[in-house]
Amino acid sequence: MSRKVLMNGAYVEWDDATVHISTHALHYGTAVFEGIRAYYNDEKGQSFIFRLREHVARLYRNMRVLRLSIPLSAHEFVDAAVDVVRQNELKEDVYIRPIVYWGAGAVGLYPFGRANEYAIYVEPMGMYFADVNAGLETDGDKGLKTCVSSWARLSDNSLPPTGKFSGAYVNSVLAKVEAVQNGYDEALLLTKDGFVSEGSGENVFLVRNGTVLTPPVSEDILEGITRDAVITLCADHDYRVIERRISRSELYSADELFFTGTAGEVAPITSVDGISIGNGAVGRITHELKDAYFNAARGNDPHYSSWLTPVF
Ligand code: PMP
């Protein structure tokens, strides 16, 4: 593979983009990362990175929590991410993965004294639920089969779910593996108090009598950037959005349910624990919001051009 990875300020070949076995982050999860999409618009011959500045702002917020700092300002990090896509000349939809982590010298929990390192790499990404999701035979367009996880979402006083801390993703992986091995496409996690939180890697929305509901940040969710975009799209399409606690039983009786996320995009859910949602087909409002999201993200709706960073 001839892809180039930016590591600590220098480009290295994909096969050489490695870390030492004693890397603190490998042992203790002391890294923060982001997942960002760039969509290639064939007609315009241009790639648009979706909400890059917001992703980098979230990365820098999380770095502060983990006491990480690197010799790049957020502004320079934005430019570096654009450069990684450009250098790799990928004229297709891609996923950009920045990561900042505590470096070599694993033993001992107090991380200071080790290097703060970073990397940005890029890889082609189609539809997460159809192509990437552990090789599942899922047609994300037709809707996902979900289950309520037996794992609770981790809580803010244990490991802040509002940020993308690497160690926190063990919670997501446990839920995902359980769901897939039980025949579902994705898990829905509840908070320790038993209210709806989010998917293993997506925020969740519910539609009821034409109103759109989603759990607030206080329900141990990641502050999703796609979630924020969809809240704006709802307002622009005259749908009222309410952020409030949602109980488990409201999932089963919803008219429509869908996930939002960078990888998952806007993904309809058509069943929870074997119970069909609405009439079992993708809902009208979900469909409308999904179309609006793709038009915005692919650079086909000038109203949302401030969300996009062109690459080429
Ligand atoms: N929740 C979790 C646990 C996630 O990993 C993600 C993906 N980053 C999301 C929600 C959705 O966030 P975003 O829209 O910013 O990708």
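For the structure, see preceding data.
A few points on the structure. (Residues numbered from 1 in each chain as written. Predicted model: local features only at pLDDT ≥ 70, side-chain atom pairs only at ≥ 80, totals over all residues. Heavy atoms only, no water.)

Considering empty space enclosed by the protein
Link 1 in the chain: Inspection of every chain in the model, using the stated rule, returns 4 cavities of 30 Å³ or more.
Link 2 in the chain: By volume, the largest cavity is sized at about 60 Å³.
Link 3 in the chain: Looking at the largest cavity, it is lined by 12 residues, and the ones nearest its centre are Met127, Gly264, Glu265, Val266 and Ala267.
Link 4 in the chain: Every element with two or more residues in the lining of the largest cavity is listed here: α4 (128–132), β15 (265–272) and α8 (284–297). (1 Å grid on protein atoms, 1.4 Å probe; cavity = no way out; pocket = protein on both sides within 12 Å on 5 of 7 lines; lining within 4 Å. Points joined across faces, edges and corners; volume = space filled by probe spheres on them. Helix = DSSP H or I, 4+ residues; strand = E, 2+ residues; numbered from the N terminus.)

Structural notes on the site of the ligand
Link 1 in the chain: If you check the shell around the ligand, you find 16 residues, and the closest are Lys164, Tyr169, Glu198, Thr226 and Thr262.
Link 2 in the chain: At 2.9 Å from an oxygen atom of the ligand is found a side-chain nitrogen or oxygen belonging to Arg58.
Link 3 in the chain: For the ligand, whose unbound accessible area comes to 380 Å², protein coverage reaches 96%.
Link 4 in the chain: Counting atoms within 2 Å of the grid points, the majority share of the ligand lands in the largest pocket.
Link 5 in the chain: Taken together, the elements giving at least two residues each to the shell around the ligand come down to α6 (225–236) and β14 (256–261).
Link 6 in the chain: Of the residues that constitute the shell around the ligand, the class distribution is 3 nonpolar, 8 polar and 5 charged. (Near = heavy atom within 4 Å. Polar contact = N/O pair within 3.5 Å; in protein donor to acceptor, adjacent residues only side chain to side chain. Areas by Shrake-Rupley, 256 points an atom, 1.4 Å probe, with all protein chains shown as cover. Sits in = over half its atoms within 2 Å of the grid points. Nonpolar A, V, L, I, M, F, W, Y, C, P; charged D, E, K, R; others polar.)

Notes on helix α5 (residues 169–181)
Link 1 in the chain: The end-to-end C-alpha distance of α5 is 18 Å, a good match for the 18 Å that 13 residues give at a rise of 1.5 Å each.
Link 2 in the chain: All of the buried residues in α5 are Asn171, Ser172, Ala175, Lys176 and Ala179. Down the axis of α5, the smallest arc covering the buried residues is 125°, so these residues share one side. Along α5, the residues that are exposed and aim more than 90 degrees away from the buried face are Val170 and Gln181. (Expected span 1.5 Å × (residues − 1). Buried < 20%, exposed > 50% of the residue type's maximum accessible area, 1.4 Å probe, protein only. Arc of directions from axis to C-beta.)

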